[in-house]
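Residue-level structure breakdown
As a plain string of letters, each chain reads:
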Amino acid sequence: MSVSSTVTPGRRLQPQHLLACLVCVFAMWVMFSPQAQAQAPVDVYEFETTEQEQRFRQLSNDFRCPMCQNANLSSSPGGVAADLRREIYRMIMEGMSDEEIEAFMLQRYGDFILYRPRLTLQTVLLWFGPILFLLAGVWIARNITRSSGGRVEATDETERETAVTLSAEEKARLSRLLNDQPDADNPTNRS
Amino acid sequence: MIPELGNFALILAFCLSIVLGTLPIIGAARDNTLWMSLARPLTAGVFVFLSISLVILGYSFVTDDFSVQFVANHSNTNLPLQYKITAVWGGHEGSFLFWTWMLGGWMLAVAIFSKSVPEEFIARVLGVMGLICVGYTLFMLATSNPFDRVLPLPPADGADLNAALQDFAFIVHPPSLYMGYVGFSVVFAFAVAALLSGRLDAAWARWCRPWANAAWAILTLGLSLGSWWAYYELGWGGWWAWDPVENPPLITWLLGAAMIHSLAATEKRGVFKSWTVLLAIMAFASSLLGTFITRSGLLTSVHAFATDPTRGVYILGFLGLIVGGSLLLYAIRAPILKSEFGFGNWSREVFLLANNLILVVASAAILLGTLYPMVYQAVSGGDLISVGPPYFNTIFVPLMGILVVLLGIGPVARWKRTSREYLRQQLTRVAIAAVVLGVAIPVLLTMSVPLGTIGVCVLALWIMFSMLRDVASKVANKPSLMAGLKSLPVSYWGMQLAHFGFVMTMAGACLTSIYSIERSVLLQAGQQADLGRYTFVFEGTRPVQGPNYIADEGTIRVLREGEFLRTLHPQKQLYTASNTPATHMGIDGRFLRDLFVTLGDPRDNGAWSMTLYVKPFVRWIWLGTIFIAFGGILAVTDKRYRRYKVSKQAAADEQPAEARLAGEH
């Protein structure tokens, strides 16, 4: 392992340069994209209105293919998914509402088919968990800021004391250390 | 013979990491300089032997050594060379070796680029990483050795690499994802070393920050590449599926984002110390959780590797040991890390705290949604539920909305204390301009009131204007604009760039979900179909012979408002070896929108079914992530992280204590 010491930062090859190259390659790749395989199913249904077509797309996006790994009906190439899309199409054309279609699917395949779980006693925690997290977090954060707000003055005091107790030699060293190093995130704020 | 050498190198790496994981840590505790100084050479040794192991596995692929089980399962004599090499990470065993090698690479980088960090501290950091390496190498040797042989009767030819993986993205997505993922173990090691030594101050944060930024920036790219791959590979315009294997990296990414913000406060103001350490532990734990989910066989998905319960048990045990151990250490040592510095109500610290709050709540919610079905199944005795995109979008989108609102204020606020008047004076006009223009532009462009678009525009302009306002107020007192812009540190530009990228990604994601349109049609040659402002004219198909497939290639001319734009060539392929059909979309990607066509099937009358897509702004999602990653990397290059090297060089002849004091200052 060669352990060369850094003499002139910026002139040697730094890991950041490699990273920057990686980023550039990726950027070019996104812009000049290659073409690749696709597996999406294509089936053609005639709708009377665009509203029906949108409902069809929405519904086949929100139901899970019961036989696939983890895919919704609209993206799954499987035969079962194709049958279920045909069923959804039939029900839409027969004038059934979204709720009726969902009830039909639910009755036939159970909760597994719904990507948006129903709110039941068993899923209360799922749906309200994030809100609980948020409330708990806000409460903790409030406590932190409240207890910390009182220490602002104390911090000022500490900082002033430290400033006064520096000896001349220490000050000289401090200024050498801080030499041409502006406060990086907030250069104008030198309070 | 050669594969046995690879196996032997792996065993040697395992042995060396045991030494690395013990002696330097003990040496640091007992102040034994000799033992501490072993850390760097041992790290180099571990890396060298892991590299030998990896190269030998690659060599076995290139030379078609099908007596190696892993090669026989994931390669084939006819596989193109670039995929033979990258097939190393095409399956569980090899990808774990690659993953461990990445860990070795990060360790080596720490050993080389942390000259300014005190010996005692770096010994602990490398020691902790050595312990992680022990876990990984032992896992390979015990449960999933890539060098296992099929003897005495090796197969004549390999089973071939999964066809879906034979793509350019497969060459770049796993390495960048792994590199970012594994990079979080560096930050974890720094955190544990801080707990062990009880030393956690601004200097610690300064040593740690470049690593955290680099790992996070690379993870951003890895995730983005995966999303992009899914988009063009799957061919129906989906770019994020909230799949249980996609979610853990996102959780790690969110926790990492929280951590680099918290680290900023720790470095600048000495606050949130113990919180930063906790975030580092959680981010690393979530990366192990991701490993567990993809490799345990707990669930099935495109990403899941072959299933084996012993592996799952091992990883879970390792996860429990690492997380339990570090949390125990945290519980014992964290009280001494208490920060004594205060901050006022509208200070930047408060906004960073809010940022952390939202990012952590978002990760917790995603974790909840990801694990809920598994827990539900276990608790209810086999009942299955699905938690999918509708759930995650409902939770995630509002949280990100709040985050973006705060993002406009946080960077403007000052450290420690900001008066409300100051914020009002800085941001009132920004807010008014954002609201007025954000409402006016979409309304005038569409001549309607699209509420979602208005929301996106207002928030995006809010961030843009607040950034400009901040830059303007920072250069206001400088002699000239250029001098002012030059005086701003690199890390400031990195921050702004990353925030800009974040807003671009969010705006792209929202706008594309609002404005994407698609249409499935049945067309005979010469017929056409309209979608939005575009007309797609089907010219017919012709047979095409590929290297390992045959295909029908369609020709579709795209017109925009009657004017010729571009010809697309989607294909319907049949892979002859495995007799699997595949489609190949014809795509026209531009800055403001993507157009693409996927070919379905031919019908009796010579017509083809096909789906036409127009997806505005979809490219912004990935372009934004490039800005995020680039911003993160820019921040790493800030000269204040290299300052001690320079000062150390200048003071090379002074006594060592001087340099060390400077490092600790």
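Residue positions are given per chain, counting from 1 as you read along its sequence in written order. Labels follow written order: the first chain is A, the first ligand is 1, and so on. Under the rules for a predicted model, residues below a pLDDT of 70 receive no local features and side-chain atom pairs below 80 are neither given nor counted, while totals for whole chains, interfaces and linings still include all residues.

1. Some points on the overall build of chain B
Secondary structure elements follow DSSP: runs of H or I of four or more residues count as helices, runs of E of two or more count as strands, with numbering from the N terminus. Each helix and strand counted, chain B has 21 helices and 10 strands in total. As defined in this context, the radius of gyration uses C-alpha atoms, and a globule is described by 2.2 Å times the residue total to the power 0.38. Here chain B has a C-alpha radius of gyration of 27 Å; the compact-globule value for 665 residues is 26 Å, and the two agree. A principal-axis box enclosing the C-alpha atoms of chain B has dimensions of 85 × 80 × 55 Å. Evaluated residue by residue, chain B yields a buried proportion of 56% over its 665 residues. We call two residues in contact when their backbone-placed C-beta atoms lie within 7 Å. In chain B, 72% of the contacts between residues at least 6 apart in sequence involve partners at least 24 apart. Put plainly, a residue is buried at 20 or more neighbouring C-beta atoms within 10 Å of its own, exposed at 12 or fewer, and partly exposed in between, counting only other residues' C-beta atoms, which are placed from the backbone.

2. What about the overall build of chain A?
A tally of helices and strands in chain A yields 7 helices and 1 strand. Ordering the α and β elements of chain A from the N terminus gives α-β-α-α-α-α-α-α. Counting across all 191 residues of chain A, residues that qualify as buried make up 23%. Counting contacts in chain A only where the partners sit at least 6 residues apart, residues at least 24 apart contribute 40% of the total.

3. As for the sheet that holds strand β9 (residues 593-602) of chain B
All names here are of chain B. Between any two strands, pairing holds if DSSP finds at least two bridges. Pairing in this open sheet of 4 strands is antiparallel, and the strands run β1-β10-β9-β8 from one edge to the other. Both edges of this open sheet fall to β1 (517-523) and β8 (586-589), since each of them pairs with a single strand only. In this sheet, neighbouring strand axes are inclined to one another by 15 degrees on average, regardless of whether the strands run parallel or antiparallel. Note that β9 and strand β10 (residues 608-616) share 8 bridges and pair antiparallel. For Leu-599, the partnering residue across the bridge sits in β10 and is Met-610. Inter-axis angles, ranging from 0 to 180 degrees, are taken between N-to-C directions of lines fitted to C-alpha atoms, where helices are fitted over the stretch in contact.

4. A word on the environment of Leu-329 of chain B
Residues and elements named next belong to chain B. Looking at where Leu-329 falls in the secondary structure, it is placed in helix α12 (residues 309-333). Each C-alpha atom of the pair Leu-329 and Gly-532 lies 60 Å from the other, and the pair is 203 residues apart in sequence. Setting aside its immediate chain neighbours within four residues, Leu-329 contacts Val-192 and Leu-195.

5. Focus: the pairing of β10 of chain B
Residues and elements named next belong to chain B. By the criterion of burial, β10 is predominantly enclosed, with 7 of the 9 residues buried. As paired strands, β1 and β10 are joined by 7 bridges and run antiparallel to one another. Each bridged residue has a counterpart across the sheet, and for Ile-517 the counterpart in β10 is Val-614. Where β9 folds back on β10, the antiparallel hairpin that results is connected by 5 residues, among which Gly-606 adopts a positive phi of roughly 85 degrees.

6. A short note on the packing of helix α8 (residues 168-197) of chain B against helix α11 (residues 273-295) of chain B
Residue and element names in this part refer to chain B. Running from N to C, α8 and α11 cross one another at 140 degrees; their axes reach a closest spacing of 8 Å. Judged by the twist between their axes, the crossing of α8 over α11 is left-handed. Only Val-277, Ala-280, Ile-281, Ala-283, Phe-284 and Ser-287 of α11 make contact with α8, whose side of the interface consists of Tyr-181, Phe-184, Ser-185, Val-187, Phe-188, Ala-191, Ala-194 and Leu-195. Looking at the contact of α8 with α11 residue by residue, the class counts come to 12 nonpolar, 2 polar and no charged. Left-handed describes a crossing whose near helix is turned anticlockwise from the far helix by less than a right angle; the clockwise case is right-handed. Under the scheme applied, nonpolar residues are Ala, Val, Leu, Ile, Met, Phe, Trp, Tyr, Cys and Pro; charged residues are Asp, Glu, Lys and Arg; polar residues are all the others, including Gly.

7. Topic: the nonpolar core
Where a protein is soluble and globular, its nonpolar side chains tend to be buried together. We define the nonpolar core as any set of buried residues of the types Ala, Val, Leu, Ile, Met, Phe, Trp, Tyr and Cys, connected via C-beta atoms lying within 7 Å of each other. In terms of nonpolar packing, the biggest core is built from 228 residues, with Val-187 and Phe-190 of chain B touching the most fellow members. Here this core gets 20 residues from one element, more than from any other, and that element is helix α9 (residues 202-234) of chain B. Once residues within four sequence positions are removed from consideration, Phe-190 of chain B is found in contact with Val-125, Trp-207, Cys-208 and Trp-211 of chain B. Membership of the second largest hydrophobic core comes to 15 residues, among which are Leu-59, Leu-84, Ile-101 and Ile-113 of chain A.

8. Considering the domain arrangement of chain B
Frequently, the measure chosen for interface size is the accessible area removed from exposure when the parts meet. Domain boundaries in chain B define domain 1 (1-166) and domain 2 (517-618). In this entry, domain limits derive from an automatic or database-based domain assignment. Of note, the centres of domain 1 of chain B and domain 2 of chain B, computed from C-alpha atoms alone, are 44 Å apart.

9. Points about unusual backbone geometry
Non-glycine residue Trp-242 of chain B carries a positive phi angle of around 55 degrees. Looking at where Trp-242 of chain B falls in the secondary structure, it is placed in the loop between α9 and α10 (247-269).

10. What to know about the packing of helix α1 (residues 2-30) of chain B against helix α7 (residues 119-143) of chain B
Each pair of packed helices gets described by two things: the angle between the helix axes and the distance between those axes. Residue and element names in this part refer to chain B. Contact pair α1 / α7: the axes reach a minimum separation of 7 Å and the direction vectors enclose 150 degrees. Classified by the interaxial angle, the pair formed by α1 and α7 is roughly antiparallel. Viewed along their axes, α1 and α7 form a crossing whose handedness is left-handed. The residue makeup of the contact of α1 with α7, split by class, is 17 nonpolar, 6 polar and 2 charged. Roughly parallel means an angle under 35 degrees; roughly antiparallel means over 145; roughly perpendicular covers 65 to 115; every other angle is labelled oblique.

11. Section: α12 of chain B
Residues and elements named next belong to chain B. The span you would expect from a helix comes to 1.5 Å times its residue count less one. The terminal C-alpha atoms of α12, which comprises 25 residues, lie 35 Å apart, in line with the 36 Å expected from a rise of 1.5 Å per residue. All of the buried residues along α12 are Arg-311, Tyr-314, Ile-315, Ile-322 and Ser-326. As for α12, its buried residues are in contact with α7, α8 and α11.

12. A short note on the confidence of the model for chain A
All names here are of chain A. Averaged over all residues, the pLDDT of chain A is 72; the fraction at 70 or higher stands at 62%. Each residue carries a pLDDT value, the predictor's own confidence for that position, ranging from 0 to 100. Highest mean pLDDT in chain A belongs to helix α4 (residues 98-109) (91); lowest belongs to strand β1 (residues 37-38) (40). Long-range and interchain partners of residues 28-38, a stretch whose pLDDT sits below 50, account for 26 contacts in this model, where long-range means more than four residues apart. Scored below 50 in pLDDT, residues 182-191 shows 23 contacts in the model against residues more than four places distant or in partner chains.

13. A look at the environment of Leu-263 of chain B
Residues and elements named next belong to chain B. Structurally, the position occupied by Leu-263 is in helix α10. Leu-263 gets classed as buried once you count the C-beta atoms within 10 Å, which come to 26. Among residues more than four places away in sequence, those in contact with Leu-263 are Ala-205, Cys-208, Arg-209, Ala-212 and Thr-276.

14. Observations concerning the confidence of the model for chain B
Any region with low pLDDT has predicted coordinates that should not be read closely. Residues and elements named next belong to chain B. Confidence in the prediction for chain B averages 87 pLDDT; 93% of positions are at 70 or higher. Per-element confidence in chain B ranges from a low mean pLDDT of 37 for helix α21 (residues 656-664) to a high of 95 for helix α3 (residues 39-62). Throughout residues 645-665 the model reports pLDDT below 50, and contacts reaching past four residues in sequence, or to other chains, amount to 25 contacts. Both scores are available for the predicted complex, with the pTM at 0.86 and the ipTM at 0.83.

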